[in-house]
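Each chain, written out:
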Amino acid sequence: MTISHSRLLIVDNDSAQLAQLADNFARYGLIVVGVETPLQMRAALAQHDYALVVLDPAIAPEQGAALLHELAIERRLPVIVHSAACGEADRIAALELGAEDCLCKPANPRELLARIRAALRGRMAPGAPLNAAATARSFASFDGWRVDMTTGQLFDPKGTAVSLSDGEFQLLRVFVEHPRQVLDRSRLLDRVHGATADHYDRSIDVQLCRLRRKLSASGLKGPVIRTIRNEGYMFVHAVTN
């Protein structure tokens with residue numbers, strides 16, 4: 001099943017918001033089921049498999065954390081929290097409880113869709129089950145930043161997600177997997193675009209420039225990816241798993 005035909009479960013007690021998101025995502029070929037209560041949520045989960053859940057914990061204020069734990073940890077479903085309670089502490093708590101991402105409500109539907117697609121791409125490697133229950137998440141950390149190698153997301157030290165394109169994340173992944181090693185353009189192209197990539201392709205330079213700019217704009221200080229004259233590029237931070 002492709003991403004465009006994935007089934008999503010949206011859990012939100014704001015009926016107008018629920019209808020808007022369901023209509024918007026359906027236009028992009030996603031199969032959307034919307035529910036408004038924990039009871040309806042569990043009934044929907046019993047009836048179908050879902051690729052991802054968009055959850056507003058406010059459907060049950062006293063049970064919000066428990067619902068997220070049930071979905072992300074017990075059922076091992078990828079969850080994006082979409083909530084009006086989106087302070088720094090709320091976002092960090094959601095991520096620590098297993099959420100893939102956390103967006104302030106009401107999020108721009110296009111941004112929410114982009115985050116959904118990013119999460120699904122990370123979970124839907126060739127041959128993987130749709131709900132990726134068996135897919136273990138792996139992380140890498142550097143200078144207080146955290147990279148979710150499974151879902152393709154980068155988080156700053158405060159737990160805020162940094163938006164990266166597919167190409168930018170794949171480039172970051174190569175650097176994180178080879179910290180403090182000099183990588184030339186040919187090797188970067190091979191790892192990001194495949195061994196058949198045209199080594200005269202300048203797209204890697206554009207992606208590198210954008211990645212550097214986004215990291216700097218997001219608060220990562222100092223040179224992160226250093227240019228080594230006549231040799232290539234090096235990720236300067238130590239990386240831990």
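Everything discussed here concerns the structure shown above.
Residues numbered from 1 in each chain as written. Predicted model: local features only at pLDDT ≥ 70, side-chain atom pairs only at ≥ 80, totals over all residues. Heavy atoms only, no water.

Novice: Which parts of the structure should I look at to understand the nonpolar core?
Specialist: When a protein is soluble and globular, its nonpolar side chains tend to lie buried together. Of all hydrophobic cores here, the largest spans 27 residues; its most connected members are Leu154 and Phe175. Within the residue set of this core, elements represented by two or more residues are β6 (139–142), β7 (145–148), α6 (166–177), α7 (185–193), α8 (203–217) and β12 (232–235). Here the element with the most residues in this core is α6; it accounts for six residues. When near neighbours in sequence (up to four residues on either side) are disregarded, Leu154 contacts Phe142, Trp145, Arg146, Val147, Thr160, Ala161, Val162, Leu164, Leu172 and Leu215. (Core = buried A, V, L, I, M, F, W, Y, C linked by side-chain atoms within 4.5 Å. Buried < 20%, exposed > 50% of the residue type's maximum accessible area, 1.4 Å probe, protein only. Helix = DSSP H or I, 4+ residues; strand = E, 2+ residues; numbered from the N terminus. Contact = heavy atoms within 4.5 Å.)

Novice: For this particular structure, what's the right way to read the sheet that holds β6?
Specialist: Within a sheet, adjacent strands bond to each other through the backbone by hydrogen bonds, running parallel or antiparallel. Strand order in the open sheet made by the four strands is β6-β7-β8-β9, with antiparallel pairing throughout. Bordering the open sheet on either side are β6 and β9 (161–162), each of which pairs with just one other strand. Sitting on the sheet, α6 touches β6, β7 and β8 (153–155), and the angle it makes with β7 is about 110°. (Pairing = 2+ DSSP bridges. Axes fitted to C-alpha atoms, helices over the stretch in contact; angles between N-to-C directions.)

Novice: I'm lost on the pattern of salt bridges in this one. Help?
Specialist: Oppositely charged side chains can form a pair if their charged atoms are brought close together. Tallied over the full model, the rule gives eight salt bridges. Of the charged contacts, one joins Arg42 and Glu70 as a salt bridge, the two residues approaching to 2.9 Å between their closest N and O atoms. Note that Arg42 is positioned in helix α2 (residues 38–47) and Glu70 in helix α3 (residues 64–74), a separation of 28 residues in sequence. Here Lys214 and Glu168 are joined by a salt bridge, their closest N and O atoms 2.8 Å apart. Placement of the pair is Lys214 in helix α8 and Glu168 in helix α6, with a sequence separation of 46 residues. The exposure class assigned to Lys214 is partly exposed, which follows from its relative accessible area of 29%. Judged by relative accessible area, Glu168 falls into the buried class, the value being 3%. (Salt bridge = Lys/Arg side-chain N within 4 Å of Asp/Glu carboxyl O.)

Novice: Explanation requested: the packing of aromatic side chains in the structure shown.
Specialist: Centre-to-centre distance and the angle between the planes together describe a pair of aromatic rings. According to the stated counting rule, one finds three aromatic pairs in the structure shown. Between Phe142 and Trp145, the aromatic rings sit 6.4 Å apart at their centres with planes inclined by 10°, giving stacked as the arrangement. With respect to burial, Phe142 and Trp145 carry one shared label: buried. Centroid distance Phe175 to Phe235: 6.4 Å. Interplanar angle 25°. Geometry classified as stacked. Of this pair, Phe175 sits in helix α6 while Phe235 is found in strand β12, placing the two residues 60 residues apart along the sequence. Through successive ring pairs, a cluster of aromatic residues spans Phe142, Trp145, Phe175 and Phe235. (Phe/Tyr/Trp six-rings, centres within 6.5 Å; stacked < 30°, edge-to-face > 60°.)

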